[in-house]
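Single-letter residue listing:
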Amino acid sequence: MKQTITRPPVTRLLIPLLTVALVFSCASPTSISRRDIRGAEKLIGVQFTNEEIDVLRNYLVQNRQGFDSVRAVPAGINTSPALYFDPRPAHFNRQSQAGPSDWRLSERDTDMIGNDDQIAFLSVAELSILIRTRKISSLRLTRIYLNRLKRFGDTLQAVVSITEQLALKQAQRADEELARGLYRGPLHGIPYGLKDLFAVPGYKTTWGAEPYQHQLLPDTAKVYQRLEAAGAVLVAKLTTGALARGDVWFGGKTKNPWDLKQGASGSSAGSASATAAGLVAFSIGTETLGSILAPSSRCGATGLRPTFGRVSRGGCMTLAWSMDKAGPICRSAQDRALVFNAIYGPNHPEPDRSVVPGPFTFNPPADLSKLRIAYFDKLFARDTAHRITNDSALHILRRLGATLTPVSLPDSIPFAGFDIILRAESGAFFDELVLAHRDRELGEQDESSRANSLRQSRFIPAVEYLQANRQRTALIEKMNALLSRYDVIVATAEGFNLSMATNLTGHPAISLPTGLDKRGRPTSVVLYSNLYDEGTLLEAAFLFQQASGFHQLRPKMFSEN
């Protein structure tokens, strides 16, 4: 059944940035000189005559006064712009798949549950059966993960706060409810970790950054509320790179559990590292430009980046209003389906007005023969470092019945100009931080640091930000024309332009472990699909993992006694 979704009566998100972000050397806005304007011209790539500049000067003084008046009234971290990004292309029709799901939960092999370390690496699906059949209590399971967080958290530098008091309370409640016959579903009593961008009452929300390391917020993240309603148990708030960049935070550098000499990548570094190392059963991360897929691929986890607007970001730090997404990081595609089912869709009330309602089902087919599947052949040809595992992954897909059609990214896409969208929006959110010069407190201050990026944002003219968003509209149409011809497109884990394109267009993606490289580090491929079609993506990933078993590989340091 085709369901037509009409666009809400809003335009694409256009942040009300500073009209032209000129930085003047003068102390007073009344002393703007012709020389000041000549210097600014070099930054923005325009040139006016002396007569035009003289006419312009008084208007720039008024602009400066206007900027100051806006700065005098702080907006607050929960105030989003009045305009919203909509990822749907013109005349968009989505295939609606409503109805019951088949989670493929099997009760076989649940009698032998193993020791505590073995239990810690069981999937959410397996743990859910053990809890439902009362072969293990949520309280015992929670203590297993709390012990592992204390034992390995410092080694991985993946934990900001262990929420022990809250976790034990939630676990006890889960056991008591089950004893009364109340079962909330597959996440009932399952311990998990939350990226430390999400606010939880009574615990710090540090955003991984020095200026906020003692921050206590009055908000409650909507994702946390959804998971609490599903019966899940929060055992830890996990590290994020400072202000959602990389794997370096105020407490150190989060490690890859397969190689402690290597960082976990970012910025959902703690979520991916802790999940892969068995410190939590699953975790929640966020992505703006690769921050779920990259650390999941690096750490050998299985991460889902949902469609933009599928999961509420209420109560979560903003990096870019029109690009941020929240999603699960797990040890299997089946687990991701279970977690995603609990967190997708709008809340009531819903502070994140970009959230779009729509159905989700999970019903894996027998094979992939009926799915239209393509692959980015040039990316696979270039990725010679992972040729063996990449070729193995493609072979498994073909063995499952897939006919792989080679495709390429659309031409004439100005990728070099799109980064200003993220930088401009993050600059607006962290405006007060930069104006107060507290960005100087951030641990990283080099050219690629978040501090430098926020400072750069002051030099992005509003006109150029809007022009980049106009090109983004064209990108949405081009990417939809490509992706809508297929159900799934396969890519290598490496592919920055592809990651940027699909983050800008809001398309969903999944990272899938494909084995280990010569140094014993995990390798991955990434599957992409159409807007709001996480079901097909997860079903294909589930079949791949059932056929390959790569997701069951464990880092020895954390899985062997």
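For the structure itself, consult the block above.
Reading guide: rules and limits
- Residues numbered from 1 in each chain as written.
- Predicted model: local features only at pLDDT ≥ 70, side-chain atom pairs only at ≥ 80, totals over all residues.
- Heavy atoms only, no water.
- Phe/Tyr/Trp six-rings, centres within 6.5 Å; stacked < 30°, edge-to-face > 60°.
- Helix = DSSP H or I, 4+ residues; strand = E, 2+ residues; numbered from the N terminus.
- Buried < 20%, exposed > 50% of the residue type's maximum accessible area, 1.4 Å probe, protein only.
- Core = buried A, V, L, I, M, F, W, Y, C linked by side-chain atoms within 4.5 Å.
- Contact = heavy atoms within 4.5 Å.
- Axes fitted to C-alpha atoms, helices over the stretch in contact; angles between N-to-C directions.
- Parallel < 35°, antiparallel > 145°, perpendicular 65-115°, else oblique.
- Nonpolar A, V, L, I, M, F, W, Y, C, P; charged D, E, K, R; others polar.
- Salt bridge = Lys/Arg side-chain N within 4 Å of Asp/Glu carboxyl O.
- Pairing = 2+ DSSP bridges.

**Some words on the packing of aromatic side chains**
The full count for this structure, using the stated rule, is 19 aromatic pairs. The interplanar angle of 55° and the centroid separation of 6.0 Å between the aromatic rings of tryptophan 207 and phenylalanine 429 together place this pair among those described as tilted. A residue pair is termed long-range when its members are at least 10 positions apart, and tryptophan 207 in the loop between β4 (191-195) and α7 (222-229) and phenylalanine 429 in helix α13 (residues 419-429) qualify at 222 residues. Neither residue differs from the other here; tryptophan 207 and phenylalanine 429 are each classed as buried. On the numbers, 5.3 Å between centres and 20° between planes, the contact of phenylalanine 340 with tyrosine 344 is stacked. Summarising the burial analysis for this pair, phenylalanine 340 and tyrosine 344 share the class buried. Aromatic ring contacts, followed pair by pair, group Trp103, Phe340, Tyr344, Phe360, Phe362 and Phe542 into a single cluster.

**Side note on the nonpolar core**
By size, the foremost hydrophobic cluster in this structure holds 123 residues, and its most contacted members are Leu187, Leu227, Leu243, Phe282 and Phe430. The residues touching leucine 243, leaving out its near neighbours within four places in the chain, are Trp207, Ala209, Tyr212, Met317, Leu319, Phe430, Leu433, Leu442, Arg450 and Leu454. In terms of nonpolar packing, the next biggest core, distinct from the first, is built from 18 residues, Leu149, Ala158, Ala167 and Leu238 among them.

**Quick look at the packing of helix α12 (residues 387-399) against helix α18 (residues 534-548)**
Interhelical geometry of α12 versus α18 gives an angle of 105° and a closest axis separation of 10 Å. As the angle between them shows, α12 and α18 are arranged roughly perpendicular. Residues Ala393, Ile396, Leu397 and Arg399 of α12 pack against Phe544, Ala547 and Ser548 of α18. When its residues are assigned to classes, the contact of α12 with α18 shows five nonpolar, one polar and one charged.

**Quick look at the pattern of salt bridges**
Applying the stated rule across the entire model yields 23 salt bridges. For arginine 140, the salt bridge is made with aspartate 116, and the minimal N-O distance between the two is 3.1 Å. Residue arginine 140 is located in helix α5 (residues 138-156), and its partner aspartate 116 is located in helix α3 (residues 116-120); the two are separated by 24 residues in the primary sequence. Residue classification places arginine 140 among the partly exposed residues on the basis of a relative accessible area of 34%.

**As for the sheet that holds strand β13 (residues 373-376)**
The strand order across the open sheet formed by eleven strands is β3-β5-β4-β10-β12-β11-β16-β17-β15-β13-β14, and the pairing between neighbours is mixed. At either margin of the open sheet sits one strand with a lone partner, and together these are β3 (159-162) and β14 (404-407). Strand-to-strand, the axes of this sheet are offset by a mean angle of 30°, without reference to chain direction. Two strands pair when backbone bridges link them, and β4 and strand β10 (residues 282-287) are joined in this way by three bridges, in the parallel orientation. Each residue of the ladder has a partner; that of tyrosine 192, found in β10, is phenylalanine 282.

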